[in-house]
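# Structure at a glance
Okay, here's what each chain looks like letter by letter:
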Protein chains: 2
Amino acid sequence: MDKKRSISIKEIAKLANVSVATVSRVINNNGRFSEETRKKVQDIIDKYGYTTNMAAKSLRMSKSKTVGLIVPNIDNEWFSHLVLEIEKYFFEKNYSVFICNTSQDEQKEIAYFKSLDSKLVDGIMCISGIEEIPTDVITRNIPIVCIDRKPKDHNNVYYVESNHYSGGYLATEELIKKGCKKIAIVSRNKTLSVNKQRLEGYRQALKDYGLTEYKELQILLDPSSANYEGSREAMNQLIKSKIPFDGVFATNDWRAYGVMVALSENHINVPHDVKVIGFDDISISHSCHPSLSTIRQDTVGLAQKASSLLLNLMNDKEIQMEERRFILPVEVIQRDSTQKDPE
Amino acid sequence: MDKKRSISIKEIAKLANVSVATVSRVINNNGRFSEETRKKVQDIIDKYGYTTNMAAKSLRMSKSKTVGLIVPNIDNEWFSHLVLEIEKYFFEKNYSVFICNTSQDEQKEIAYFKSLDSKLVDGIMCISGIEEIPTDVITRNIPIVCIDRKPKDHNNVYYVESNHYSGGYLATEELIKKGCKKIAIVSRNKTLSVNKQRLEGYRQALKDYGLTEYKELQILLDPSSANYEGSREAMNQLIKSKIPFDGVFATNDWRAYGVMVALSENHINVPHDVKVIGFDDISISHSCHPSLSTIRQDTVGLAQKASSLLLNLMNDKEIQMEERRFILPVEVIQRDSTQKDPE
DNA sequence: TTGAAAGCGCTAACAT
DNA sequence: ATGTTAGCGCTTTCAA
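Residues numbered from 1 in each chain as written. Chains lettered and ligands numbered in written order. Predicted model: local features only at pLDDT ≥ 70, side-chain atom pairs only at ≥ 80, totals over all residues. Heavy atoms only, no water.

Okay, the packing of aromatic side chains next. Summed over all chains, the structure comprises 15 aromatic pairs over all chains. Pairing Tyr 89 of chain B with Phe 90 of chain B gives two aromatic rings, centres 5.4 Å apart and planes at 80 degrees, and the pair type is edge-to-face. Owing to a relative accessible area of 0%, Phe 90 of chain B belongs among the buried residues under this scheme. A centroid spacing of 5.7 Å and a plane angle of 25 degrees characterise the contact between Tyr 228 of chain B and Tyr 257 of chain B, whose relative ring orientation is stacked. Taken together, the residues span a long stretch of sequence, with Tyr 228 of chain B in helix α9 (residues 228-240) and Tyr 257 of chain B in helix α10 (residues 253-265) at a distance of 29 residues. An identical accessibility class is assigned to Tyr 228 of chain B and Tyr 257 of chain B; each is buried. In textbook terms, an aromatic cluster arises when at least three aromatic residues are bridged by ring pairs, as seen for Tyr 89, Phe 90 and Tyr 95 of chain A. We note Lys 93 of chain A situated over the ring of Tyr 89 of chain A; from NZ or CZ to the ring centre the distance is 5.1 Å. The lysine or arginine in question, Arg 198 of chain B, covers the ring of Phe 279 of chain B, its NZ or CZ lying 3.6 Å from the ring centre. (Phe/Tyr/Trp six-rings, centres within 6.5 Å; stacked < 30°, edge-to-face > 60°. Buried < 20%, exposed > 50% of the residue type's maximum accessible area, 1.4 Å probe, protein only. Helix = DSSP H or I, 4+ residues; strand = E, 2+ residues; numbered from the N terminus. Lys NZ or Arg CZ within 6 Å of the ring centre and 35° of its normal.)

Quick look at the structure:
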């Protein structure tokens, strides 16, 4: 590779016989230059392939055209979808995104916040995770937007989320409408508000339809085993215990899939004997057999709403008070796993 | 949030009654200061919560402690695993990673290279994608490491990959050993070297075992339909066509899963009537039913090898010529989909 | 319409 | 062991 050194504004200025100020104006199209000089400068830029040194620009302007994105696990289809949409949005607006994978590690999250701060990001987006955002390590006054994460109150923190309560309600209602009377829930046992809200929706639906709430049908898995394997095992346990049930609401699709596999292993037919519904509508839900009914979150909507909010905040747009918080609706996706038996 | 303005070295110097040079030395632990001044300076740093302004540092040093990561689709478990490992590696070394999702769009890739260049990244990692790397838009002399992407020759470009040829061979051999005679392949029709190599391995295995190569059993899907849906449809086509076959090698797990679903829809039993093997060992392969045999790539090995190589290059370590290219072995994971019938 | 010059925060060469 | 100073590449104020 030929060592084509990058050219600076100063050098362009010399080559074009103008001052650096003029070159800067041309580059940023800030007016106050003649068409003639514009052309002269532009020719040299094209010829030498000038690219802005963003470090210098950032230093000077205290803006970096960069945002930080905190995500628990990119290695999770639901999160990676979201990340993809956010990244796409900001790419179009000429921003770069630092994707920071915390693996749910609080120390790592704090370290990332420090790093983002020191790299002068113009704003931060947080997906999911705990309430506490380590705002105290941020030394600058930058906006923070959360998705599916209800932050403790701070001036500069905003949030956008799906209506998880409604999702829990709708999921349960779907099972009820298809004839289930004894509905189990398989969720993750943590104070993560998202799961709590889904559980609340489930309970309210039971109440509204006059069904009994069986505590022994509320399976709250440890964070470490709240995955496919864990819920498959838990479901096997439940089946062994002989406690009767005819419907399962799993609070994400992988857990739901674990449930379905466990049922299948025990020769319990879905949807005939037991109906199942999941949450998130990731690819496993429509590709498994029988296909899995689920609650679809508006991924694109969430990503766009959150991104545009952050962008506006970074550009000091006035944000109405009622825009500090957004809750997007979710919808039931009916598939085979909640199909009603023919009468 | 209180507007805690970030403090600069200059201010620290004033507060500690020392020069900026001394403060800088303390911060970077560059020696030539007394324990006494170290303490004095450190106290102020702790008290005011100083954080380095990385834009300034980058500008001064022409190094940013940042790497760019080009990836086709983060929204793909195999890639996201890889990204996760790479990110983890660099986080530990105090580097930040710009994850750039190209969606296989060449223009986007070029735009990203420009942006990374202008943000002074110290190195670039490319996952998969086409041979051509737009090195010409890079104005600085930074190293580039590729994973699963055989780049056109350049001085500063290195690569690490799995042995895809061997993978194709082993997959086919596994089917042959379990008794298959007429083996179909479902792959992606593109000049992507990865798929080409897997196909070559398949052909060589057939040859070595004296099996006929049926052109009509080589299903090369369009890039746009080389996914779960596409291969499910293609397999349905093949079944309808009545061309006999007793084994299928699908060049990734989602395609393999599509094949299995199509077979199941046509009441063809796996592994009794037809055996199936995939590639990548993503979660669907061990959680589907019957579980899917597959070829496992050494994700962690790939990520670490590539990352440490890039790190060494960024720090101007001498790299031996034979280290410019790495090929990691793959292994067969035997599961139910290639189980032999009891005699 | 253009230029001169200051300064963003930092490092490092050189001086002491 | 410590200080002085130049300069990385850029924007912007002020002056012309």
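Next comes the rest of the write-up.
Listed by partner, the interface residues are 63 residues for chain B and 63 residues for chain A. Counting across the chain B and chain A interface gives two salt bridges. Summed over the shared surface of chain B and chain A, the result is 24 residue pairs in polar contact (both at pLDDT 80 or more). Those elements that place two or more of their residues in the side of chain B that touches chain A are α4 (54-61), α5 (77-92), β2 (96-101), α6 (106-118), α9, α10 and α11 (283-287) of chain B. (Contact = heavy atoms within 4.5 Å. Salt bridge = Lys/Arg side-chain N within 4 Å of Asp/Glu carboxyl O. Polar contact = N/O pair within 3.5 Å; in protein donor to acceptor, adjacent residues only side chain to side chain.)

Our focus in this paragraph is helix α12 (residues 299-314) of chain A. Since the α-helix turns once every 3.6 residues, residues separated by three or four places project in the same direction. Residues and elements named next belong to chain A. Between the first and last C-alpha of α12 there are 22 Å, a value that for 16 residues agrees with the 22 Å anticipated at 1.5 Å per step. Among the residues of α12, Thr 299, Gly 301, Leu 302, Ala 303, Ala 306, Ser 307, Leu 309, Leu 310, Leu 311, Leu 313 and Met 314 are the ones counted as buried. Lining the buried residues of α12 we find β1 (66-71), α5 (77-92), β3 (123-127), β4 (144-147), β5 (157-162) and β11 (325-328). Immediately downstream of α12, the backbone of Asp 316 shows phi near 55 degrees, a positive value. (Expected span 1.5 Å × (residues − 1).)

On to the relation of the copies chain B and chain A, then. Put simply, the two copies of the chain differ by a rotation about an axis and a shift along that axis. Between chain B and chain A, the superposition needs a rotation of 180 degrees and an axial shift of 0.0 Å, giving an RMSD of 0.1 Å. Here the copies are linked by what is in effect a two-fold axis. In this assembly the copies share their binding face: 100% of the residues contributing to the interface of chain B also contribute to that of chain A. (Least-squares fit on C-alpha atoms with pLDDT ≥ 70 in both.)

With numbering aligned to this structure, UniProt lists the feature "domain: HTH lacI-type" (unreviewed entry) at residues 7-61 of chain A. For the annotated span residues 7-61 of chain A, helix accounts for 71% and strand for 0% of the residues, and the straight-line distance between the end C-alpha atoms is 20 Å. (UniProt positions renumbered as here; feature names shortened; annotations may be inferred.)

On to the protein's contact with DNA strand C, then. Taken together, the neighbourhood of DNA strand C is formed by 27 residues, with Arg 25 and Ser 34 of chain A together with Ile 9, Tyr 50 and Arg 60 of chain B sitting nearest. Sugar and phosphate atoms represent 59% of those atoms of DNA strand C found within 4 Å of the protein. Note that a phosphate oxygen of DNA strand C is positioned 2.7 Å from one of the backbone N or O atoms of Ser 19 of chain A. The side chain of Arg 60 of chain A places a nitrogen or oxygen atom 3.0 Å from a base nitrogen of DNA strand C. (Near = heavy atom within 4 Å.)

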